[in-house]
Amino acid sequence: MEEGRGAACAFNMETGLINDKLCVSPKGKTEIQISVEGVEAHAGNDFVSGRNAIVEMAKKIGVLADLTDLDAGTTVSVGVINGGTMSGAVPKKCEIAVDMGATKVSDMDKLKKQVEEICAKTYIVRTSTTYKYTNEMLPFERSEMGMVFFNKVREIAFANGLGDHQCEDLGGSSDATYLTIAGVPTICFCGVRGQWNHTVGEYALVESMFERPKIWVCVITQLF
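Residues numbered from 1 in each chain as written. Predicted model: local features only at pLDDT ≥ 70, side-chain atom pairs only at ≥ 80, totals over all residues. Heavy atoms only, no water.

Caption draft 1: Geometry of the nonpolar core. Ile34, Leu64, Leu67, Val76, Val98, Met100 and Val115 are the most contacted members of the largest nonpolar core, which has 18 residues in total. Of all elements in the fold, only strand 3 (28-37), helix 1 (53-65), strand 7 (93-102) and helix 2 (105-120) reach the threshold of two or more residues within this core. Contacts of Val98, omitting those with residues within four sequence positions, involve Thr30, Glu31, Ile32, Ile34, Leu64, Val76, Ser77 and Val78. Phe11, Phe149, Ile156 and Leu223 belong to the second largest nonpolar core, which has 17 residues in total. (Core = buried A, V, L, I, M, F, W, Y, C linked by side-chain atoms within 4.5 Å. Buried < 20%, exposed > 50% of the residue type's maximum accessible area, 1.4 Å probe, protein only. Helix = DSSP H or I, 4+ residues; strand = E, 2+ residues; numbered from the N terminus. Contact = heavy atoms within 4.5 Å.)

And the structure:
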């Protein structure tokens, strides 16, 4: 934010969209790690003494998933789960890593409160739940300043025969958030075009390595 403050504009080189749209509002993201501790016991000889951390977590996971509201732009995704040592033992520990997304700061605050309430509720007696936030990036909210900048970029690209680019609000967090907070008009997803990020099928279009720089050179040289 300090380095960006006072800049005329910014382009974030996140992976460009396959449909060639530009992003004017990525969601915010909060990552949280939730841990349940139960009571370890022999699953056959001493089942009643055990308190199953995985089962307690499973009950919470269903409630967490129900917090997703696509109409409101909020998502909750349990991406990693670890627990137990062997099938013959009632597991003492279970941990999950959760990704939460929201389009507005107020919605993220509400979501965090809901998740904390879920963690506070116990389904299986003598189990305990703790949580810690591991990463957070604020939402990049659509603004009048940003849309004025986008429309100018679109106009310049079209005038130079480099396409008629549309805009889109997207999930996935972006460093561009902090430039907009610093008052810098910013467009995101300006990089090489590709698809299926964070999966084994992720790829990029080689020709876009040449297409995209042409757009930004034209914009930078003709913007003022």
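And the narrative resumes.
Caption draft 2: Representation of the layout of surface pockets in the model. Of the pockets and cavities examined, the largest pocket occupies roughly 560 Å³. In this structure, the largest pocket is lined by 21 residues; those nearest its centre are Gly171, Gly172, Phe189, Asn197 and His198. With three residues, strand 7 is the single largest residue contributor to the lining of the largest pocket. Split into classes, the residues belonging to the lining of the largest pocket amount to four nonpolar, 13 polar and four charged. (1 Å grid on protein atoms, 1.4 Å probe; cavity = no way out; pocket = protein on both sides within 12 Å on 5 of 7 lines; lining within 4 Å. Points joined across faces, edges and corners; volume = space filled by probe spheres on them. Nonpolar A, V, L, I, M, F, W, Y, C, P; charged D, E, K, R; others polar.)

Caption draft 3: Structural context of the packing of helix 3 (residues 144-159) against helix 5 (residues 208-222). Running from N to C, helix 3 and helix 5 point in directions that differ by 110°, and their axes come no closer than 9 Å. As summarised for this structure, helix 3 and helix 5 are arranged roughly perpendicular, according to the angle between their axes. Helix 5 is crossed by helix 3, and the crossing has right-handed handedness. Mapping the contact onto sequence places Val153, Ile156 and Ala157 in helix 3 and Ile215, Trp216, Cys218, Val219 and Gln222 in helix 5. Each residue belonging to the contact of helix 3 with helix 5 can be placed in one class, and the counts come to seven nonpolar, one polar and no charged. (Axes fitted to C-alpha atoms, helices over the stretch in contact; angles between N-to-C directions. Parallel < 35°, antiparallel > 145°, perpendicular 65-115°, else oblique. Left-handed = near helix turned anticlockwise from the far one by under 90°.)

Caption draft 4: Layout of the sheet that holds strand 3. On the basis of which strands lie adjacent, the open sheet formed by four strands has the order 5-7-3-8 and antiparallel pairing. In the strand order of this sheet, the two ends are held by strand 5 (75-83) and strand 8 (128-137), each with one partner. The sheet shows a mean angle of 20° between the axes of neighbouring strands, direction not considered. Of the strands in this sheet, strand 3, strand 5, strand 7 and strand 8 are in contact with helix 1, which crosses strand 7 at around 10°. Of the strands in this sheet, strand 3, strand 5, strand 7 and strand 8 touch helix 2, which is tilted by about 160° from strand 7. (Pairing = 2+ DSSP bridges.)

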